[in-house]
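# Descriptive structure summary
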Amino acid sequence: MNTRRRQILKELDLAPLWHLKSETSKQNKSTQQTTARDLMFPPDPAKDSKPCEEIQQMNWDQLKLTVSHCTACLLSQTRTHTVFGVGDENADWLFVGEGPGAREDATGEPFVGQAGKLLDQMLAAIGLERGHHVYITNIVKCRPPNNRNPSSNEAHQCEPYLTRQIELIKPKLIIALGKVAAQNLLGCEDSISSLRGKLYDYSGIPLIVTYHPAYLLRALPEKAKAWKDLCFARSTMQSLL
């Protein structure tokens, strides 16, 4: 490497960093010890995160307040509002999406953008209306940046909140909207095409999988399949009633 190139790299803080072999060995050993210690003694959860047992005893007001102040994962650092959920708190129908988008983050309500309008149309197609016997929420309560899918850790941090919501609502039927919702609720990694058209069990509650409205906006031909799923859900609910 010539002197000029070495100087440029140094100014950009890109110059190679050399260590004596003995020093490198010490660093590697220290890293291994740290990793082993982390596995034996995992880091404590965020100070303001609530133990699952405590969350499972909360009423609606306590749960909403706890979610609004949650900083258990990094999504809390970029959100504008938490998006708890909306609708009939004694609903027969529970629709679960993946996570808030930009409009939802701005308003604090799930499914208010174009995907929300399509969801309302889907509800109307089977005789339902937002807020009447219907509750809508998401796997995570904060918007993932750039509308990416929530990570497994983010979903895990929010899981106790969703579990408690379901316990309080006691829905007769759950509709998982999209792959992320389906995989998290069912604890699987199957594709949505393989999950559709079947009846599943979530803690004793029947569950049906269909496409997320945002996906249907990008893949219009799949609306026919979504309509089939909705008809299946309607007939399932009729049998439950």
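Description of the structure in this document. Given the structure is predicted, the values throughout are model-derived calculations rather than measurements.

Tracing the sequence through the fold places Thr-71 in the loop between α4 (60–68) and β1 (86–87). Separated by 86 residues in sequence, Thr-71 and Gln-157 place their C-alpha atoms 9.6 Å apart.

Attention now moves to helix α6 (residues 114–125). Compared with the 16 Å implied by 1.5 Å per residue over twelve residues, the 17 Å span of α6 between its first and last C-alpha is a close match. Within α6, the full set of buried residues consists of Ala-115, Gly-116, Leu-118, Leu-119, Met-122 and Leu-123. The arc enclosing the buried residues of α6, seen along the axis, measures out at 160°, which places them on a common side. For α6, the exposed residues lying more than 90 degrees away from the buried face are Gln-114 and Gln-121.

What follows is about unusual backbone geometry. A positive phi angle, close to 55°, is found at Phe-111, a residue other than glycine. Structurally, Phe-111 can be placed in the loop between α5 (102–107) and α6. You can call Phe-111 buried: its relative accessible area is 5%. One non-glycine residue, Lys-170, lies in the positive phi region at around 55°. Of note, Lys-170 is situated in the loop between α7 (152–169) and β4 (173–177).

Right, let's talk about the packing of aromatic side chains for a bit. This structure, assessed with the given rule, holds four aromatic pairs. Seen in terms of ring centroids, Trp-60 and Tyr-135 are 5.7 Å apart; in terms of plane orientation they differ by 35°. Their pairing is tilted. Of this pair, Trp-60 sits in helix α4 while Tyr-135 is found in strand β3 (residues 134–138), placing the two residues 75 residues apart along the sequence. Of the residues examined, Trp-60 reaches a relative accessible area of 13% and is grouped as buried.

A word on the pairing of strand β2 (residues 93–97). Of all five residues in β2, five are buried, a share of seventy percent or more. Burial along β2 is two-sided: Trp-93, Phe-95 and Gly-97 and Leu-94 and Val-96, pointing in opposite directions, are all buried. As defined by bridge partners, β2 adjoins β3 across five bridges and the pair is classed as parallel. Each bridged residue has a counterpart across the sheet, and for Gly-97 the counterpart in β3 is Asn-138. Relative to β4, β2 is paired through four bridges, and the arrangement is parallel. Bridging across to β4, Trp-93 finds its partner in Leu-173.

Looking now at the sheet that holds β3. An order of β1-β3-β2-β4-β6-β5 is seen for the six strands of this open sheet, with the pairing classed as mixed. The open sheet has two edge strands, β1 and β5 (200–202), and neither has a second partner. When β4 meets strand β6 (residues 205–210), the two strands line up parallel, connected through four bridges. Of the residues in β6, the one forming a bridge with Ile-175 is Ile-208.

With that settled, consider the side chain of Asp-105. You can see Asp-105 is positioned in helix α5. Despite being buried, Asp-105 has no salt bridge partner; Arg-143 is the closest side chain of opposite charge, sitting 5.0 Å away. Aside from chain neighbours lying at most four places away, what touches Asp-105 is Arg-79, Thr-80, His-81, Val-83, Pro-100 and Arg-143.

Turning our eyes to something else, we now look at the environment of Ile-205. Relative to the helices and strands, Ile-205 resides in strand β6. Judged by its relative accessible area of 12%, Ile-205 falls in the buried class. In the structure, Ile-205 is positioned 34 residues away from Pro-171 in sequence and 7.4 Å away in space, judged by C-alpha atoms. When residues no more than four places from it in sequence are discounted, the contact partners of Ile-205 are Ile-166, Pro-171, Lys-172, Leu-173, Ile-174 and Tyr-200.

For the pair α4 and α7, interaxial distance at closest approach is 11 Å and the crossing angle is 160°. One finds that α4 runs roughly antiparallel with respect to α7. The two elements α4 and α7 meet at a crossing, and its hand is left-handed. Counted together, Trp-60, Leu-63, Thr-66 and Val-67 of α4 and Tyr-161, Arg-164, Gln-165, Leu-168 and Ile-169 of α7 form the full contact between these two elements.

Quick notes on the rules
Residues numbered from 1 in each chain as written. Predicted model: local features only at pLDDT ≥ 70, side-chain atom pairs only at ≥ 80, totals over all residues. Heavy atoms only, no water. Helix = DSSP H or I, 4+ residues; strand = E, 2+ residues; numbered from the N terminus. Expected span 1.5 Å × (residues − 1). Buried < 20%, exposed > 50% of the residue type's maximum accessible area, 1.4 Å probe, protein only. Arc of directions from axis to C-beta. Phe/Tyr/Trp six-rings, centres within 6.5 Å; stacked < 30°, edge-to-face > 60°. Pairing = 2+ DSSP bridges. Lys, Arg positive; Asp, Glu negative; His and termini not counted. Salt bridge = Lys/Arg side-chain N within 4 Å of Asp/Glu carboxyl O. Contact = heavy atoms within 4.5 Å. Axes fitted to C-alpha atoms, helices over the stretch in contact; angles between N-to-C directions. Parallel < 35°, antiparallel > 145°, perpendicular 65-115°, else oblique. Left-handed = near helix turned anticlockwise from the far one by under 90°.

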